[in-house]
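Given next are the chains, with one letter for each unit.
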Amino acid sequence: MNSISDHAALARSMIFPHHSWIDGEDYSALSGATFDTTNPATGELLSRITACDNRDVDYAVSKARAAFDDGRWRLLAPAERKTILLRLASLLEDNSHPLAVMESLDSGKPVGECLAVDIPETIHILRWHAETIDKLYDQTAPAGNQAMAMIIREPVGVVGCVLPWNFPLLMLAWKIGPALAAGCSVIVKPAEQTSLTALRVAQLATEAGVPAGILNIVTGTGREVGEPIGLHPDIDMVSFTGSTATGRRFLRYAADSNLKRVVLECGGKNPAVVLEDAEDLDKVAGHILNGALWNMGENCSATSRLLVHSGVKDKLLAAIAAQIGEWKMGDPLDPASRLGALIGKAHFDKVNSYLALARAENLTILHGGDSEQGVCIQPTIIDGVSRDSAIFQEEIFGPVLTVTPFESIAEAITLANDTPYGLAAAVYSGNLRNALNVAKAIRAGTVTVNCFGEGDASTPFGGYKQSGFGGRDKSVFAHDQYTELKTIWIDLSAPDEGAL
Ligand SMILES: NC(=O)c1ccc[n+]([C@@H]2O[C@H](COP(=O)([O-])OP(=O)(O)OC[C@H]3O[C@@H](n4cnc5c(N)ncnc54)[C@H](OP(=O)(O)O)[C@@H]3O)[C@@H](O)[C@H]2O)c1
């Protein structure tokens, strides 16, 4: 099942979800409204999806709250909750191929990437968090002989998860994995452009035994669904992934409503720093291209700013030029494609506006710079980008790598930190001391040394500065987001010693 025709045949036979999913069943908006979701690569209509508004959010919250309060999920034996989440992971595994094709059709990303990364990573994340359910322990404090002080974790309550379109399934798993493991009820608002796989996962969750009301998917726009989630007085927490501009809004919503907990995973403008002592520049070039182009550059942790020592710049750019042809752009359903379509016309125009700016600034476009049919953009490399250019400072979120030379390690660190963001970075050096010193000096949540990537489920992911706020996704640290700490003091003094 790996050829383009297999994928296309599956796509033709696919039945796409079109309702929201609330309280364990299909749900149509009270208004009856719908919106169209299309395949960005072809413009073809995939599904007319329920367009919810604040009244539908109220309904979903009432169901999620009832499910939380009666304890149908949080009070299940830990082993039982774990078994249900593991069953969900297995159902996803059984449905890997249709899920990969659905994700590709809905988002424009290459199906090969969905099969190799998005789907297996989603399953792995769910399994990893499921396994924590009966392995994370509470604590006791050193309270002396006269008392016992227990520190226990309790689920935070009803959680709203608001998602971006660039990794629809994976971002869903990053949120619902730890939230469900903690015992929360969840209301997910997928991005308008990419709601399909979240709806399918919710159906499978119900099949796996997740009780009604625990995992709800409310589809619609940011204004009609995201904002009411942010402002809702009976939602205890919002976990948001998306742009920094929208993230800011969620802080305001919380301040204007019930001071709900807010965790933000926002944008990035991440540097790849190549020191003069970097070894094996062919290998480094491969990592640089992967860091900038993977997922069409629609990746919050894309290392899209190449900062390179002037002594190795020419050699590195030659190695990059020799390999860039491997990044074949084409039909997302073709397993040979490494680059598919951008998410849609508006975003395509935004990425193109930065290419126009590069031309206006007379920068050297070493490769690409053009769009192709539909909403595809060729891998693009722009040389000589200075730190005050918008191309250097702003998140482009397309397959665009900028190149800026430096003369010293101190200058490299200054350049690396010279944006409002602090999500990720990469350092390439043959000298571990130099690499580690630079890694420690860069203000970012994840720094990779001589590689690109963000680790696996066992490591936390999140940002410094305007890339993040309030917590981390993935790993046991993600559980901090979705739990409250409760202290219980117990008096152990003998009766004649009086109360504590
Ligand atoms: N740090 C991370 O882990 C991480 C991971 C992935 C992506 N990202 C970031 O995500 C961004 C790309 O995603 P995006 O374009 O989907 O981001 P976005 O425009 O901020 O949208 C994210 C979500 O917020 C909703 N939303 C939009 N306006 C809203 C409002 N006024 N009130 C409430 N909700 C609102 C969107 O709804 P609609 O569906 O209507 O747009 C969508 O569901 C990039 O900046 C990227 O760096 C960060």
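Residues numbered from 1 in each chain as written. Predicted model: local features only at pLDDT ≥ 70, side-chain atom pairs only at ≥ 80, totals over all residues. Heavy atoms only, no water.

- An unreviewed UniProt entry lists the chain under the name Aldehyde dehydrogenase, from Winslowiella arboricola.
- UniProt lists a comment for the chain under the heading Sequence similarities (unreviewed entry), and it reads "Belongs to the aldehyde dehydrogenase family." (UniProt positions renumbered as here; feature names shortened; annotations may be inferred.)

### Some thoughts on the overall build of the chain
(1) Moving on: Looking only at helices and strands, the chain features 16 helices and 22 strands.
(2) Moving on: Projected onto its principal axes, the C-alpha positions of the chain cover 80 × 60 × 45 Å.
(3) Moving on: Of all 500 residues assigned to the chain, the portion counted as buried reaches 56%.
(4) Moving on: A sequence separation of at least 24 residues applies to 73% of the contacts in the chain between residues at least 6 apart.
(5) Moving on: For the chain, the accessible area works out to roughly 19,600 Å², and carbon and sulfur atoms hold 52% of it.
(6) Moving on: Within the chain, the 60 negative side-chain charges are centred at a point lying 2 Å from the centre of the 41 positive side-chain charges. (Helix = DSSP H or I, 4+ residues; strand = E, 2+ residues; numbered from the N terminus. Buried < 20%, exposed > 50% of the residue type's maximum accessible area, 1.4 Å probe, protein only. Contact = heavy atoms within 4.5 Å. Areas by Shrake-Rupley, 256 points an atom, 1.4 Å probe, with all protein chains shown as cover. Lys, Arg positive; Asp, Glu negative; His and termini not counted. Charge placed at Lys NZ, Arg CZ, Asp CG, Glu CD.)

### As for the UniProt feature "active site" (unreviewed entry) in the chain
(1) Moving on: According to UniProt, the positions carrying the feature "active site" (unreviewed entry) are Glu265.
(2) Moving on: Exposure remark for Glu265: the relative accessible area of 3% places this residue in the buried category.
(3) Moving on: Apart from residues no more than four positions distant in its own chain, Glu265 is found in contact with Lys175, Phe240, Thr241, Gly242, Phe461, Gly462, Gly463, Ser467, Gly471, Arg472 and Asp473.

### Structural notes on the site of the ligand
(1) Moving on: The environment of the ligand is made up of 31 residues, and the closest members are Leu163, Glu192, Ser243, Tyr253 and Glu395.
(2) Moving on: Side-chain polar atom of Lys189 to an oxygen atom of the ligand: 3.0 Å apart, as the coordinates give it.
(3) Moving on: In the model, an oxygen atom of the ligand is placed 2.7 Å from a nitrogen or oxygen of the Gly222 main chain.
(4) Moving on: Protein burial of the ligand: of its 910 Å² of free accessible surface, 90% is covered by the chains.
(5) Moving on: Breaking the shell around the ligand down by element, the ones donating at least two residues are helix H8 (222-231), strand E10 (237-241) and helix H9 (244-256). (Near = heavy atom within 4 Å. Polar contact = N/O pair within 3.5 Å; in protein donor to acceptor, adjacent residues only side chain to side chain.)

### Some points on the environment of His129
(1) Moving on: With respect to the element layout, His129 can be found in helix H5 (residues 111-132).
(2) Moving on: The exposure class assigned to His129 is buried, which follows from its relative accessible area of 0%.
(3) Moving on: Counting along the chain gives 47 residues from His129 to Ile176, while the straight-line C-alpha distance between them is 9.3 Å.
(4) Moving on: The contacts of His129, once residues within four sequence positions are left out, are Gly177, Pro178, Ala181, Lys474, Ser475, Ala478 and His479.

### Here's the deal with the pattern of salt bridges
(1) Moving on: Evaluation of the coordinates by the stated rule reveals 22 salt bridges.
(2) Moving on: With a shortest N-O distance of 3.1 Å, Lys82 and Asp134 are connected by a salt bridge. Placement of Lys82 in helix H3 (residues 78-94) and of Asp134 in the loop between H5 and strand E5 (139-141) is noted, with a sequence separation of 52 residues between them.
(3) Moving on: Lys82 gets classed as buried once you look at its relative accessible area, which sits at 16%.
(4) Moving on: The class of Asp134 is partly exposed, set by a relative accessible area of 32%. (Salt bridge = Lys/Arg side-chain N within 4 Å of Asp/Glu carboxyl O.)

### With respect to the sheet that holds E5
(1) Moving on: Strand order in the open sheet formed by three strands is E5-E6-E22, and the pairing between neighbours is antiparallel. Each edge of the open sheet is held by one strand with a lone partner, namely E5 and strand E22 (483-491). Direction aside, the axes of adjacent strands within the sheet are offset by 30 degrees on average.
(2) Moving on: Note: strand E6 (residues 147-155) against E22, nine bridges, orientation antiparallel. By the bridge assignment, Met148 is partnered in E22 with Ile490. (Pairing = 2+ DSSP bridges. Axes fitted to C-alpha atoms, helices over the stretch in contact; angles between N-to-C directions.)

### Points about the packing of aromatic side chains
(1) Moving on: Applying the stated criterion across every chain yields a total of six aromatic pairs.
(2) Moving on: When the ring of Trp165 is compared with that of Phe397, the centres are 5.5 Å apart and the planes differ by 75 degrees; the resulting orientation is edge-to-face. Taken together, the positions of Trp165 in the loop between strand E7 (158-162) and helix H6 (168-182) and Phe397 in the loop between helix H13 (390-393) and strand E16 (400-406) put the pair 232 residues apart, joining distant regions of the chain. Comparing Trp165 with Phe397, the two get one shared label, buried.
(3) Moving on: Connected via pairs of aromatic rings, a cluster forms that spans Phe240, Phe250 and Tyr253.
(4) Moving on: Its end group placed over the ring of Trp327, Arg338 keeps NZ or CZ at 3.8 Å from the ring centre. (Phe/Tyr/Trp six-rings, centres within 6.5 Å; stacked < 30°, edge-to-face > 60°. Lys NZ or Arg CZ within 6 Å of the ring centre and 35° of its normal.)

### Notes on the side chain of Asp106
(1) Moving on: Tracing the sequence through the fold places Asp106 in helix H4 (residues 96-107).
(2) Moving on: One buried charged residue, Asp106, remains without a salt bridge, the closest side chain of opposite sign being Lys109 at 11 Å.
(3) Moving on: Other than its neighbours up to four places away in sequence, Asp106 contacts Thr37, Thr38, Pro40, Leu46, Gln193, Thr194, Ser195, Leu196 and Ile343.

### What about the state of the cysteines?
(1) Moving on: Evaluation of the coordinates by the stated rule reveals zero disulfides.
(2) Moving on: Residue Cys376 stays outside any disulfide, its sulfur separated by 15 Å from that of Cys114, the closest cysteine. (Disulfide = S-S within 2.5 Å.)

### Considering H4
(1) Moving on: Helix length check: H4, at twelve residues, gives a terminal C-alpha distance of 16 Å against a target of 16 Å (1.5 Å per residue), a fit within 8%.
(2) Moving on: Looking only at H4, the buried set comprises Ser96, His97, Leu99, Ala100, Val101, Met102, Glu103, Ser104, Leu105, Asp106 and Ser107.
(3) Moving on: Downstream of H4 by a residue or two, Gly108 has a phi angle that is positive, lying close to 85 degrees. (Expected span 1.5 Å × (residues − 1).)

### Some words on the packing of H6 against helix H7 (residues 196-208)
(1) Moving on: Two numbers describe how H6 lies on H7: the axes approach to 8 Å, and their chain directions differ by 45 degrees. By the criterion of interaxial angle, the relationship of H6 to H7 is oblique. Crossing geometry of H6 relative to H7 is assigned as right-handed. Every residue of H7 that contacts H6 at Pro168, Leu169, Leu172 and Ile176 is listed here: Thr197, Ala198 and Val201.
(2) Moving on: Its residues assigned to classes, the contact of H6 with H7 shows six nonpolar, one polar and no charged. (Parallel < 35°, antiparallel > 145°, perpendicular 65-115°, else oblique. Left-handed = near helix turned anticlockwise from the far one by under 90°. Nonpolar A, V, L, I, M, F, W, Y, C, P; charged D, E, K, R; others polar.)

### What to know about the nonpolar core
(1) Moving on: Within the largest apolar cluster, 129 residues are counted, with the highest numbers of intra-cluster contacts made by Val274, Leu306 and Ile320.
(2) Moving on: Per element, the largest residue contribution to this core is eleven residues, and it comes from H6.
(3) Moving on: If near-sequence neighbours (up to four positions away) are discounted, Val274 is found in contact with Leu281, Val284, Ile288, Leu306, Leu307, Val308, His309, Val312, Leu316, Phe406 and Tyr428.
(4) Moving on: Membership of the second largest hydrophobic core comes to 23 residues, among which are Ala60, Val225, Ile235 and Cys266. (Core = buried A, V, L, I, M, F, W, Y, C linked by side-chain atoms within 4.5 Å.)

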